[in-house]
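This is what each chain is made of:
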Amino acid sequence: MENPKTTVEKAVSNGRNKVPFIQKSAFGAGHLALNLLPGALGVFSFFLLTAFGMDPLLAGILGGLPRLYDAITDPVMGFISDNTKSKWGRRRPYIFVGAILSGIFYILLWQMSPENSQMYNFWYFLIFSLIFLTGNTIFATPLVGLGYEMTSDYNERTRLMGFANTIGQFAWMIVPWFWVIIANPKMYESQVEGVNQLAIYVGVICMVLGVLPAIFCKGIDSAHMENRKKISFKTIGSSFKELIVGIKQVSKNKPFMKLCAATFLVFNGFQIVASFSVFIIVFYMYNGSYEGAGTWPAWFATISAVLTAFMVIPIITRIANKWGKKNAFIIASFISIVGYLLKWWGFDTGLNQSFNKTAVAQSMTNGIQSFFTTIGPTLEKLNMSWFSVDATQGVPWLIFVPIPLLAFGLGSLFTLMMSMTADVCDLDELENGMPRKEGTFGAIYWWMVKLGQGLALVISGLVLKVIGFDGSAATQSAETMYSLRLADIIIPSLTAGIAIIVMWKYNLNEKRAREIKEELVARRGEI
């Protein structure tokens with residue numbers, strides 16, 4: 001007679017371990033849409049001021065109010081998704097419908113005209129922002145929850161999230177060029193036309209990519225999942241009470257709270273200084289000349305995304321599978337701190353000038369100038385001259401030196417944290433029973449991220465104000481730029497350091513995760 005323990009171990013081993021490549025690819029496509037929409041929204045929002053003439057205060061309200069709405073709808077959608085009963089599963093119907101709604105309403109959001117009154121555009125944008133975010137929540141929250149349940153294997157979860165985040169990084173390779181494209185008179189006659197038309201491309205692409213997870217991905221078999229609440233208009237009152245209970249249970253999960261705190265610190269430390277590199281390149285390295293800086297800020301962001309996708313994520317996935325997810329996070333955060341420190345020398349004008357005099361730098365500069373001179377006619381024919389660089393005045397080569405190290409910060413963050421959140425969902429089921437709450441955990445996690453983003457914008461503006469930075473001025477004082485360069489290094493280094501301390505005693509390791517899985521399989525079988 002077979003040992004019961006052996007039977008459980010075999011069920012654990014033969015369960016939902018390996019995610020097929022087609023499902024990984026579809027989930028990655030969903031993540032590309034998930035990143036492209038907010039990335040494009042962030043860039044396009046800048047043109048509320050320059051293209052549509054929106055008052056800065058009104059533009060600030062348009063940035064803040066939808067975030068508050070988003071913070072409310074995310075947990076609600078997570079609860080609905082967790083408790084949904086349908087023959088297509090708990091997540092997939094919402095992902096399909098939400099992807100289409102997100103794309104349509106993103107397009108409509110940006111079909112404004114500067115000829116309308118300012119208040120008309122304000123209310124138009126506010127209303128359609130809320131509608132767009134509703135559709136995006138219907139898409140994004142179940143998508144995140146689906147990823148948590150696509151595999152029950154400790155290491156495969158990291159591989160899945162690593163693959164998805166690699167595909168998602170393509171959004172951040174593309175988004176920096178929206179600034180260049182929209183403002184390029186050779187592309188569009190006006191910024192308004194650029195925003196109107198580019199929004200259509202973004203919306204359509206996100207609709208196509210967004211429905212793929214709903215078609216190809218599979219979550220857990222929820223047919224026999226117990227204790228799910230009935231979702232209907234008649235049960236709104238009782239459902240709200242259950243939602244509050246679920247949120248309380250999630251907030252009492254100590255490992256999960258550590259993940260939220262560490263993400264809040266690392267991501268928002270980066271967000272606070274996200275625009276500082278551009279300001280330093282333009283105002284410190286090129287004396288306030290946006291024309292002189294050219295496309296170097298865009299190249300800086302794009303190369304960061306490329307290295308994150310094809311170097312950092314594969315490396316950090318291997319480290320996590322060999323030495324554990326917590327240790328991988330600590331190693332990656334430490335490496336990123338070294339990268340932030342190196343920015344002091346990488347962005348130094350004197351060092352860049354000295355390096356450009358060396359034979360190595362001159363050879364590289366001649367090579368890149370020759371390359372873009374060769375492809376220049378082709379770029380002109382394709383109406384893509386905006387993609388070129390001007391290396392005749394030298395290249396700020398040293399700004400790219402810290403990038404491989406900097407990329408370990410954000411490059412590892414969501415790969416590891418989303419994988420660890422999936423482990424936390426198992427712990428929650430063990431402690432609180434069914435239904436599993438992947439949607440609620442995902443919603444609360446991303447609510448923390450969005451809350452931090454709003455706070456980061458406020459702190460960023462406060463830092464710029466304190467150091468005396470004036471974005472409308474042609475030049476900045478030497479003292480201001482010195483302070484800005486220090487803040488650009490100290491703030492993210494400090495938050496990453498604190499995040500390491502927060503995660504130091506995180507105890508949900510592979511051994512414990514496998515023990516939890518065995519207990520769950522023994523209790524209710526493989527699902």
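In the block above lies the structure referred to throughout.
Calculation notes
- Here the residue numbering is sequential within each chain, running from 1 through the sequence in written order.
- Per-residue local features are limited, in this predicted model, to residues with pLDDT of at least 70; the limit for side-chain atom pairs, both in listing and counting, is 80 or more; totals at the level of whole chains, interfaces and linings are taken over all residues.
- Side-chain figures throughout are based on the complete set of non-hydrogen atoms in the structure, without hydrogens or water.
- In what follows, salt bridge is the name for a side-chain nitrogen of Lys or Arg lying within 4 Å of a carboxyl oxygen of Asp or Glu.
- Working definition: helices are DSSP H or I runs of at least four residues, strands are E runs of at least two. Numbering for both runs from the N terminus.
- Buried means the residue's accessible area, taken with a 1.4 Å probe over protein chains only, is under 20% of the maximum for its type, while exposed means over 50%, and partly exposed covers the values in between.
- The criterion is simple. A nonpolar core is a set of buried Ala, Val, Leu, Ile, Met, Phe, Trp, Tyr and Cys residues joined through side-chain atoms within 4.5 Å.
- Expected helix span is taken as 1.5 Å per residue step, with the number of steps being one fewer than the number of residues.
- Definitions used for this entry: grid spacing 1 Å over protein atoms alone; cavity, a set of points where a 1.4 Å probe fits but cannot get out; pocket, an open set with protein on both sides within 12 Å along at least 5 of 7 lines; lining residue, one with an atom within 4 Å of a point.
- Grid points are joined across faces, edges and corners, and a volume is the space filled by probe spheres set on the points.
- Nonpolar residues are Ala, Val, Leu, Ile, Met, Phe, Trp, Tyr, Cys and Pro. Charged residues are Asp, Glu, Lys and Arg, and all others, Gly as well, are polar.

## Section: the pattern of salt bridges
Then, in step 1: Enumeration over the complete set of coordinates arrives at 21 salt bridges.
Then, in step 2: Glu 438 serves as the salt-bridge partner of Arg 91, at 3.2 Å between the closest nitrogen and oxygen. In this pair, Arg 91 sits in the loop between helix H3 (56-83) and helix H4 (92-109) while Glu 438 sits in helix H18 (residues 438-467), placing the two residues 347 residues apart along the sequence.
Then, in step 3: Under the relative-accessibility criterion, Glu 438 is labelled buried at 0%.
Then, in step 4: Between Arg 512 and Glu 515 there is a salt bridge, with the nearest N and O atoms lying 3.6 Å from each other.

## Describing the nonpolar core
Then, in step 1: In terms of nonpolar packing, the biggest core is built from 144 residues, with Phe 44, Tyr 106, Trp 110, Phe 178, Phe 329, Met 417 and Leu 484 touching the most fellow members.
Then, in step 2: Among the elements that line this core, the one with the most residues is helix H17 (residues 403-432), at 15 residues.

## Quick notes on H18
Then, in step 1: The terminal C-alpha atoms of H18, which comprises 30 residues, lie 43 Å apart, in line with the 44 Å expected from a rise of 1.5 Å per residue.
Then, in step 2: Downstream of H18 by a residue or two, Gly 468 has a phi angle that is positive, lying close to 85 degrees.

## Some remarks on helix H10 (residues 254-272)
Then, in step 1: Taking 1.5 Å of rise per residue, 19 residues should cover 27 Å, and H10 covers 26 Å from first to last C-alpha, within 8% of that figure.
Then, in step 2: Residues Pro 255, Phe 256, Leu 259, Cys 260, Ala 262, Thr 263, Leu 265, Val 266, Phe 267, Asn 268, Gly 269 and Ile 272 constitute the buried set of H10.

## Some thoughts on empty space enclosed by the protein
Which parts of space are left empty comes out when a probe the size of a water molecule is rolled across the atoms.
Then, in step 1: A complete count under the given rule lists four cavities of 30 Å³ or more for this structure.
Then, in step 2: Empty space within the second largest cavity amounts to approximately 50 Å³.
Then, in step 3: Lining of the second largest cavity is provided by Ser 152, Asp 153, Tyr 154, Arg 157, Asp 426, Ala 513, Arg 514 and Lys 517.
Then, in step 4: For the lining of the second largest cavity, the secondary-structure elements that each account for two or more residues are helix H6 (154-174) and helix H20 (510-524).
Then, in step 5: Considering each element in turn, the lining of the second largest cavity owes the most residues, three residues, to H20.
Then, in step 6: Taken together, the residues of the lining of the second largest cavity break down into two nonpolar, one polar and five charged.

## Focus: the environment of Gly 288
Then, in step 1: Relative to the helices and strands, Gly 288 is located in the loop between helix H11 (276-285) and helix H12 (290-293).
Then, in step 2: A relative accessible area of 19% places Gly 288 in the buried class.
Then, in step 3: Residues Gly 288 and Tyr 94, spaced 194 residues apart in sequence, show a C-alpha to C-alpha distance of 47 Å.

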